[in-house]
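# Structural characterization, general
Here is how the chains run, residue by residue.
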Amino acid sequence: MSKHNDGDDDDGKVRNVLHWFRSKDLRIEDNRALHAAAEKAASGGGKGCLLGCFLYSPQDLEWHGTSPARTDFMLQGLKLVQEQLERELNVPLVFLTAEDRGMKTDRVLEFIRDNDVSHVYANIEYEIDELRRDIDMFKQLDGEGVQFRLLHDQTVVEPGKLTTGAGTPMKVFTPYHKAWLAEVSSDPELIDTLPAPRPNGKEVKTGDRTKSLFGSRLPEARESKQYASDEEKQRLRKLWPPGHAAGMKRLREFLENKVDTYSTNRSDPAADNASRMSAYFSSGTVSVREALDATRKIKGGKGGADFSQSGPGGAGVAAWARELVFREFYRHMMVVIPHNSMNLPQNLKFDFVQWEDDEEGYKKWCEGKTGVPFVDAGMRQINHEAYMHNRLRMNTSSYLSRSLLIDYRRGERYFAEHLVDWDLCNNTQGWEPSYTVFNPVSQAEKNDPKGDFIRRWVPELAGVEGKAVFDPYNRLSKEEFEKLGYPKPHVDFAESKQRCVQRYKQDMADADP
């Protein structure tokens, strides 16, 4: 049995085999469940074929607050997957729509029954609602004699596998990162990719029971999930071209031109040294395995998998790989602490904090008009690009939940409603409340040392010279500041930090989750 075998040793008669695409595996390349489904279909000796489906649940998009950018990126990516499947592999991709969240399993079951499916394959999603959906599907299909196989696909190392010396799940990133590097280095096959799935015979396109499955109509986003204007749609589609080919082109450009300086520039948003692969990873348009495999090939890995600083890729590759391990760690933590996906903080004591009802402050934060240049630059970036540099994500979240003392879940929701790369695991844990209060002025001085990022996104400050750009209200004269047309800070940093420390101490001291 090979490493990537799905362990499917049942003796059930193979008829048609279904791969159920999810919103996190929108690709044909290196897709574990799709590959396993194709192998199972081929094992039937021509008695059935491989089918694909995608379950579209518009209420889920509303429930999660999924942004128009993320929705459009998903739908456009699905269109490309459908075209590739049907043109190159003779595999139909059928779009099923569940208008009500409670109909999701019913719609898939209906398709299974109508199309004589004997085996269903899908990649695991680790969030609570999705796990409950799959458990329900297991129960339903078991009663009908249909085999249902779920495979780990989102990560290189399966969530929950890395443990402490005591055998308990790791919950701290640094030791997890160290263990992950050791695990992958000792077993380089973990980042080996799978070949393209076996195609169906051409007769599937003309068969009486299968020809009608081809050319399924792509779902349309509800009005609330559509771009506000054609200008916004064209601008963001240009920034975030959908599909695997576009993702791999972006990856190659990063590895060939930027990764060597990533360690030095990764926290400087003005350097634009990020890979901007996050949207492709969160949608599964490109697998992390494929990205790491490309990294070792381009940066001289020669089949190994050493992504440490002493590895062939050096400090740049090590720093970038560390960010990918963070992504894996967040999925690991979602499995270890499931209430992460239930609108609760990882540390439940934070649920006892009495947050401020500061609607004016929240509105200023959303619009990038807090009077704090580094924070405002980040918020204006997300509003324009459906993306924010990671250093700014940390600063904007700290400002909302600690300087303004506004419930972090409001910021978490705002990010979901605006980011093209939104992902529940990353977003919830990126917004996990913390005792650390970022000083946005010193953060800007350190990470945007020339003020270029601020001047780009806050044009009111474009003409401000020197270090005054980081804190114009306190570093310019009153007359100079008033000429800028830029708002004064909504709160005083020192006072707001003290308020946060006192509030956390007061509300959490005797908290008993």
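Residues numbered from 1 in each chain as written. Predicted model: local features only at pLDDT ≥ 70, side-chain atom pairs only at ≥ 80, totals over all residues. Heavy atoms only, no water.

### Overview of the overall build of the protein
Along its length, the protein carries 22 helices and 5 strands. The burial tally for the protein puts 57% of its 513 residues in the buried class. Pairs at least 24 apart in sequence give 78% of the contacts found in the protein among residues at least 6 apart. Taken as a whole, the protein presents about 22,500 Å² of accessible surface, with 47% of it coming from carbon and sulfur. Taking the average place of the 73 positive charges on the side chains of the protein and the average place of its 81 negative ones, the gap between the two points comes to 2 Å. (Helix = DSSP H or I, 4+ residues; strand = E, 2+ residues; numbered from the N terminus. Buried < 20%, exposed > 50% of the residue type's maximum accessible area, 1.4 Å probe, protein only. Contact = heavy atoms within 4.5 Å. Areas by Shrake-Rupley, 256 points an atom, 1.4 Å probe, with all protein chains shown as cover. Lys, Arg positive; Asp, Glu negative; His and termini not counted. Charge placed at Lys NZ, Arg CZ, Asp CG, Glu CD.)

### A word on the pattern of salt bridges
When charged atoms on two side chains of opposite charge get close, those side chains can pair. Summed over the entire model, instances satisfying the criterion amount to 46 salt bridges. Among the salt bridges present, the one from Glu 99 reaches Arg 222, with a minimum N-O distance of 3.5 Å. Note that Glu 99 is positioned in the loop between β3 (93-97) and α4 (104-114) and Arg 222 in the loop between α6 (173-186) and α7 (230-239), a separation of 123 residues in sequence. One network of salt bridges, in which partners are shared, links Arg 22, Lys 24, Glu 125, Glu 127, Arg 133 and Asp 134. (Salt bridge = Lys/Arg side-chain N within 4 Å of Asp/Glu carboxyl O.)

### Some words on the nonpolar core
Side chains of nonpolar character tend, in soluble globular proteins, to be buried together. Judged by nonpolar contacts, the single largest core of 53 residues is most densely connected at Val 156, Trp 180, Val 184, Phe 307 and Trp 320. For this core, the secondary-structure elements that each account for two or more residues are α3 (68-88), α6, α8 (244-257), α10 (278-282), α11 (288-298) and α12 (314-336). When residues of this core are assigned to their parent elements, the largest contribution, 10 residues, is made by α12. Those residues in contact with Val 184, other than ones at most four positions away along the chain, are Val 156, Val 157, Leu 190, Ile 191, Ala 305 and Phe 307. Counting 45 residues, the second-largest nonpolar core is a separate cluster that includes Ile 382, Leu 404, Trp 431 and Ala 468. (Core = buried A, V, L, I, M, F, W, Y, C linked by side-chain atoms within 4.5 Å.)

### A closer look at the sheet that holds β3
Strand order in the open sheet made by the 5 strands is β3-β2-β1-β4-β5, with parallel pairing throughout. This sheet does not close on itself; its edge strands, each paired only once, are β3 and β5 (147-151). The average angle at which neighbouring strand axes cross in this sheet is 25°, direction not considered. Pairing between strand β4 (residues 117-123) and β5: 5 bridges, direction parallel. (Pairing = 2+ DSSP bridges. Axes fitted to C-alpha atoms, helices over the stretch in contact; angles between N-to-C directions.)

### With respect to the packing of helix α14 (residues 373-385) against helix α16 (residues 408-418)
It is at 9 Å that the axes of α14 and α16 come closest, and there the two elements cross at 35°. Of the residues in α16, those touching α14 at Met 379, Ile 382 and Asn 383 are Tyr 414, Phe 415 and His 418. Across the contact of α14 with α16, the residue classes break down as 4 nonpolar, 2 polar and no charged. (Nonpolar A, V, L, I, M, F, W, Y, C, P; charged D, E, K, R; others polar.)

### Examining the state of the cysteines
Tallied over the entire structure, the rule returns 0 disulfides. Left unpaired, Cys 49 is separated from the closest cysteine sulfur, that of Cys 53, by 13 Å. Classification of Cys 53 as buried rests on a relative accessible area of 0%. (Disulfide = S-S within 2.5 Å.)

### Notes on the domain arrangement of the protein
Structurally, the protein comprises domain 1 (16-153), domain 2 (228-341) and domain 3 (348-508). Relative to domain 3, the C-alpha centre of domain 2 lies at a distance of 25 Å. With 23 residues of domain 2 at the contact, the number on the domain 3 side is 26 residues. For the pairing of domain 2 and domain 3, the buried interface totals around 2,100 Å² over both sides, and the portion due to carbon and sulfur atoms is 56%. (Domains from an automatic or database assignment. Buried area = accessible area lost by both parts, 1.4 Å probe.)

### Observations regarding the side chain of Asp 72
Here Asp 72 is to be found in helix α3. According to the relative accessible area criterion, Asp 72 is buried, its value standing at 13%. Those residues within four positions of Asp 72 in sequence are excluded, and the remaining contacts are Tyr 227 and Arg 237.

### Things to note about α12
With 23 residues, α12 ought to run about 33 Å at 1.5 Å a step, and its terminal C-alpha atoms sit 32 Å apart, in line with that. Counting buried positions along α12 gives 17 out of 23 residues, so the element sits mostly inside the fold. (Expected span 1.5 Å × (residues − 1).)

### Here's the deal with the packing of aromatic side chains
On inspection of all chains with the given rule, the structure shows 23 aromatic pairs. Their ring planes at 55° and their centres at 5.1 Å tell us that Tyr 176 and Phe 329 sit as a pair that is tilted. Taken together, the positions of Tyr 176 in helix α6 and Phe 329 in helix α12 put the pair 153 residues apart, joining distant regions of the chain. Taking the relative accessible area as the measure of exposure, Tyr 176 reaches 0% and is therefore buried. Judged by its relative accessible area of 6%, Phe 329 falls in the buried class. Ring centres of Phe 350 and Tyr 504 lie 5.3 Å apart, and the angle between their planes is 80°; this geometry places the pair in the edge-to-face category. Here Phe 350, found in the loop between α12 and α13 (359-367), pairs with Tyr 504, found in helix α22 (residues 493-508); they are 154 residues apart in sequence, far enough to count as distant. A relative accessible area of 2% means that Phe 350 is categorised as buried. Here the aromatic cluster, defined as three or more aromatic residues joined through ring pairs, consists of Phe 173, Tyr 176, Phe 326, Phe 329 and Tyr 330. Residue placement shows Arg 101 over the ring face of Trp 63; its charged tip is 4.6 Å from the ring centre. In this structure, Arg 410 is placed above the aromatic ring of Tyr 362, and the distance from its NZ or CZ to the ring centre is 3.9 Å. (Phe/Tyr/Trp six-rings, centres within 6.5 Å; stacked < 30°, edge-to-face > 60°. Lys NZ or Arg CZ within 6 Å of the ring centre and 35° of its normal.)

### Quick word on the pairing of strand β1 (residues 16-21)
Walk down a regular strand and you will see the side chains alternate between the two sheet faces. Summarising burial for β1: 6 of the 6 residues are buried, a large majority. Across the two faces of β1 the burial is the same, with Asn 16, Leu 18 and Trp 20 and Val 17, His 19 and Phe 21 all buried. Both β1 and β4 contribute to a ladder of 4 bridges, which runs parallel. Along β4, the bridge assignment pairs Leu 18 with Val 120. For β1 and strand β2 (residues 50-56), the ladder comprises 5 bridges, and the chain directions are parallel. By the bridge assignment, Leu 18 is partnered in β2 with Leu 51.

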